[in-house]
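# Observations on the three-dimensional arrangement
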Amino acid sequence: MQTYIALLRGINVSGQKKIPMAELREILAQSKLENVKTYIQSGNVIFESSENNISKLELQIHEAIKSHFDFEVPILVKTPEAFKNIFDACPFPEEKKKNSYFTLLYSVPNKDLIHEAEKMSYPNEEFVITNDCIYFYCSTGYGKAKYSNNFFERKLKTTSTARNYKTMVKLIEIASNF
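All of the points below concern the structure found in this document.

The rules behind each value
- Residues numbered from 1 in each chain as written.
- Predicted model: local features only at pLDDT ≥ 70, side-chain atom pairs only at ≥ 80, totals over all residues.
- Heavy atoms only, no water.
- Salt bridge = Lys/Arg side-chain N within 4 Å of Asp/Glu carboxyl O.
- Helix = DSSP H or I, 4+ residues; strand = E, 2+ residues; numbered from the N terminus.
- Buried < 20%, exposed > 50% of the residue type's maximum accessible area, 1.4 Å probe, protein only.
- Pairing = 2+ DSSP bridges.
- Axes fitted to C-alpha atoms, helices over the stretch in contact; angles between N-to-C directions.
- Contact = heavy atoms within 4.5 Å.
- Core = buried A, V, L, I, M, F, W, Y, C linked by side-chain atoms within 4.5 Å.

Okay, the pattern of salt bridges next. Summed over the entire model, instances satisfying the criterion amount to six salt bridges. We note a salt bridge from Lys-84 to Asp-88, for which the minimum N-O separation is 2.7 Å. In this pair, Lys-84 and Asp-88 are both assigned in helix H3 (residues 80–88), four residues apart and thus about one turn of the helix distant. On the accessibility criterion, Asp-88 (41% relative accessible area) is partly exposed. The salt bridge involving Glu-126 is made with Lys-96; its shortest N-O contact spans 2.4 Å. Taken together, the residues Glu-126 in strand S6 (residues 125–129) and Lys-96 in helix H4 (residues 94–97) connect sequence positions 30 residues apart. What makes Glu-126 partly exposed here is its relative accessible area of 30%.

Take a look at the structure:
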């Protein structure tokens with residue numbers, strides 16, 4: 001059995017795409033995932049599976065949610081090692097890293113689009129775009145930031161989902177205790 005971390009994009013936000021975590025754990029267990037755990041209400045799932053194909057796991061979770069809740073949710077699945085590598089690769093110094101957001105990318109963005117996005121600049125905001133993550137720091141807080149998950153999705157034409165430092169740390173911790 002391999003442990004995985006799944007991130008669901010855009011659930012339980014402003015009353016949209018409501019998915020109770022107990023119900024999510026139940027439907028994922030029924031779809032043959034094992035030891036399913038969730039963390040907070042924003043769509044973080046840790047589970048085990050004998051399936052090694054991440055694309056198949058993403059589709060399996062997607063179809064279980066669509067079948068049960070009757071709406072589409074983008075799913076990103078990573079091994080704990082890949083997840084920790086993304087976390088560890090944060091280019092910011094530790095003080096900034098602890099207040100950063102990790103916008104995980106569902107696909108590698110086009111280099112030309114990255115260069116266009118990198119030309120933009122807002123005071124108190126910094127970001128670094130890699131193939132699988134946008135590391136974002138805003139000294140005034142994410143809620144006041146000009147950059148956002150939606151901004152990066154539009155500019156890079158890719159689906160993404162953001163998690164803060166504390167959530168990243170907790171998901172790595174939970175996955176390491178399997």
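Right, picking up where we left off after that structure.
So, about the sheet that holds strand S5 (residues 100–105). To summarise the sheet geometry, strands pair through backbone hydrogen bonds and adopt either a parallel or an antiparallel arrangement. Spatially, the four strands line up as an open sheet ordered S6-S7-S5-S8, and their pairing is antiparallel. Each end of this open sheet is capped by a strand with a single partner; those strands are S6 and strand S8 (160–164). On average, each strand axis in the sheet is inclined to that of its neighbour by 20°, with strand direction left out of account. By the bridge criterion, five bridges tie S6 to strand S7 (residues 133–138) in an arrangement that is antiparallel. Residue pairing for S7: Phe-127 is matched across the bridge by Phe-136. Packed on one face of the sheet, helix H6 (residues 149–156) meets S5, S6, S7 and S8 and runs near 150° to S8.

It is characteristic of soluble globular proteins that their nonpolar side chains tend to be buried jointly. Counting residues in hydrophobic clusters, the biggest one holds 22 residues, and the most contacted among them are Leu-8, Ile-19, Leu-24, Leu-28, Phe-47, Ile-61 and Ile-65. Mapped by element, the contributors of at least two residues to this core are strand S1 (2–8), helix H1 (21–30), strand S3 (44–49), helix H2 (54–69) and strand S4 (75–78). The leading source of residues in this core is H2, at five residues. Excluding residues within four positions of it along the chain, Ile-19 makes contact with Leu-8, Ile-11, Asn-12, Leu-24, Gln-41, Ile-65, Phe-69, Phe-71 and Val-73. Among the nonpolar cores identified, the runner-up in size contains 20 residues, and Phe-83, Phe-87, Cys-133 and Ala-175 belong to it.

For the rest of this paragraph, the subject is the sheet that holds strand S2 (residues 34–39). Sheet architecture is open: four strands sit in the order S2-S3-S1-S4, paired in antiparallel fashion. For this open sheet the edge positions go to S2 and S4, each flanked by a neighbour on one side alone. Across the sheet, the mean angle separating the axes of adjacent strands is 25° when strand polarity is ignored. Here four bridges tie S1 to S4, and the two strands are oriented antiparallel to one another. Across the sheet, residue Ile-5 finds its bridge partner in S4, namely Lys-78.

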